[in-house]
Amino acid sequence: RQMCIRDRDMAILDILHFPDTRLRNVAKPVAQVDASVRQLIDDMFETMYAAPGIGLAAVQVNDLRRVIVVDTSEDRSQALALVNPEIIAKQGEETMDEGCLSVPGVYETVQRAEQIRFRALDRDGNAIEKDVDGLLAVCIQHEIDHLDGKLFVDYLSNLKRQRIRKKLEKDARQGGDKTQRRRAI
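So, how was this worked out
- Residues numbered from 1 in each chain as written.
- Predicted model: local features only at pLDDT ≥ 70, side-chain atom pairs only at ≥ 80, totals over all residues.
- Heavy atoms only, no water.
- Pairing = 2+ DSSP bridges.
- Helix = DSSP H or I, 4+ residues; strand = E, 2+ residues; numbered from the N terminus.
- Salt bridge = Lys/Arg side-chain N within 4 Å of Asp/Glu carboxyl O.
- Axes fitted to C-alpha atoms, helices over the stretch in contact; angles between N-to-C directions.
- Contact = heavy atoms within 4.5 Å.
- Core = buried A, V, L, I, M, F, W, Y, C linked by side-chain atoms within 4.5 Å.
- Buried < 20%, exposed > 50% of the residue type's maximum accessible area, 1.4 Å probe, protein only.
- Phe/Tyr/Trp six-rings, centres within 6.5 Å; stacked < 30°, edge-to-face > 60°.

Draft legend 1. Spotlight on the pairing of strand S7 (residues 127-133). Pairing analysis gives seven bridges linking strand S6 (residues 115-121) to S7, with the strands arranged antiparallel. Note on S7: the bridge partner recorded for Ala120 is Ile128. Connecting the antiparallel pair S6 and S7 is a turn made up of five residues, with Gly125 showing a positive phi of about 85°.

See below:
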């Protein structure tokens with residue numbers, strides 16, 4: 001079902017930036033999908049689209065619920081909200097350039113599973129299980145990593161990670177430009 005997010009009051013949330021230690025927090029499972037979870041989902045979509053990005057985890061907006069939103073389409077037509085997502089099968093390998101809304105302006109090559117099967121609850125609390133591949137599979141893996149306190153820079157060498165940390169710290173001190181050059185996960 002396609003979600004219409006234009007009908008509600010929404011807020012653009014602040015996105016945490018690496019090396020903020022709150023990005024290392026591990027999200028807790030959602031006991032029940034209720035109005036507060038649906039509001040979080042709507043706010044996360046609004047934030048992700050405004051950034052602009054193709055995925056966002058609740059941890060990135062300093063909310064410790066296991067919630068992610070993704071939309072890999074160009075026209076915002078494939079909005080997918082996942083509550084308590086988990087990967088139950090992986091297959092193949094794919095190498096792709098990844099960016100992250102919490103690591104603005106940085107794009108690096110990361111290797112992940114090419115195909116995954118995931119299980120989650122949708123925005124209405126219904127159980128879903130699905131096989132996906134390509135960019136959507138990469139995006140879901142990236143966002144679930146966030147829920148586990150892991151960032152895509154953790155897949156890079158220590159040297160690259162330190163270089164990125166120093167660049168972002170310098171940008172923050174100088175009031176650097178936080179805009180993305182292209183959509184990030």
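Draft legend 2. Expanded view of the pattern of salt bridges. This structure, assessed with the given rule, holds 14 salt bridges. Ionic pairing is found between Asp20 and Arg22, a salt bridge with its closest N-O pair at 2.6 Å. One salt-bridge network, held together by shared partners, links Glu86, Arg117, Arg119, Glu129 and Asp131.

Draft legend 3. Focus on the sheet that holds strand S3 (residues 80-91). Taking strand neighbours across the sheet as the criterion, the five strands line up as S1-S2-S3-S6-S7 in an open arrangement whose pairing is antiparallel. Two strands bound the open sheet, and with one partner strand each, they are strand S1 (55-57) and S7. The mean inter-strand angle of the sheet, taken between neighbouring strand axes irrespective of direction, is 35°. Sheet analysis places S3 next to S6, joined by six bridges and oriented antiparallel. Directly across from Glu86, in S6, lies its bridge partner Arg119. Taken strand by strand, helix H1 (residues 35-50) contacts S1, strand S2 (67-70) and S3, and its axis lies near 40° from that of S2. Of the strands in this sheet, S1, S2, S3, S6 and S7 touch helix H2 (residues 134-147), which is tilted by about 110° from S3.

Draft legend 4. Region of interest: the nonpolar core. Ranked by size, the top nonpolar core spans 21 residues in total, and within it Ile68, Leu82, Ile116, Phe118 and Ile140 carry the most contacts. Of all elements in the fold, only S2, S3, S6 and H2 reach the threshold of two or more residues within this core. Apart from residues no more than four positions distant in its own chain, Ile68 is found in contact with Met44, Leu56, Ala57, Leu80, Ala81, Leu82, Pro85, Ile140, Glu143, Ile144 and Leu147. Of all hydrophobic cores here, the second largest spans 18 residues; its members include Leu40, Leu56, Val69 and Ala81.

Draft legend 5. Layout of the side chain of His146. Residue position: His146 is located in helix H2. The contact partners of His146, leaving out residues within four places of it in the chain, are Leu23, Asn25, Ala57, Val59, Gln60, Cys100 and Leu151.

Draft legend 6. Here's a closer look at the packing of aromatic side chains. Applying the stated criterion across every chain, the model contains one aromatic pair. When the centroid spacing of 5.8 Å and the interplanar angle of 25° are considered together, the rings of Phe45 and Tyr49 count as stacked. One end of the pair, Phe45, and the other, Tyr49, are both in helix H1, four residues apart, so they sit about a helical turn from each other.

Draft legend 7. Summary view of unusual backbone geometry. Between Phe18 and the following residue, Pro19, the backbone shows a cis peptide bond with an omega angle of 15°. Along the chain, Pro19 turns up in the segment before H1. Residue Pro52 is bonded to the preceding Ala51 through a cis peptide linkage, with omega at -10°. Positionally, Pro52 belongs in the loop between H1 and S1. The phi torsion at Asn62 lies on the positive side, around 60°, for a residue other than glycine. By the secondary structure assignment, Asn62 is in the loop between S1 and S2.

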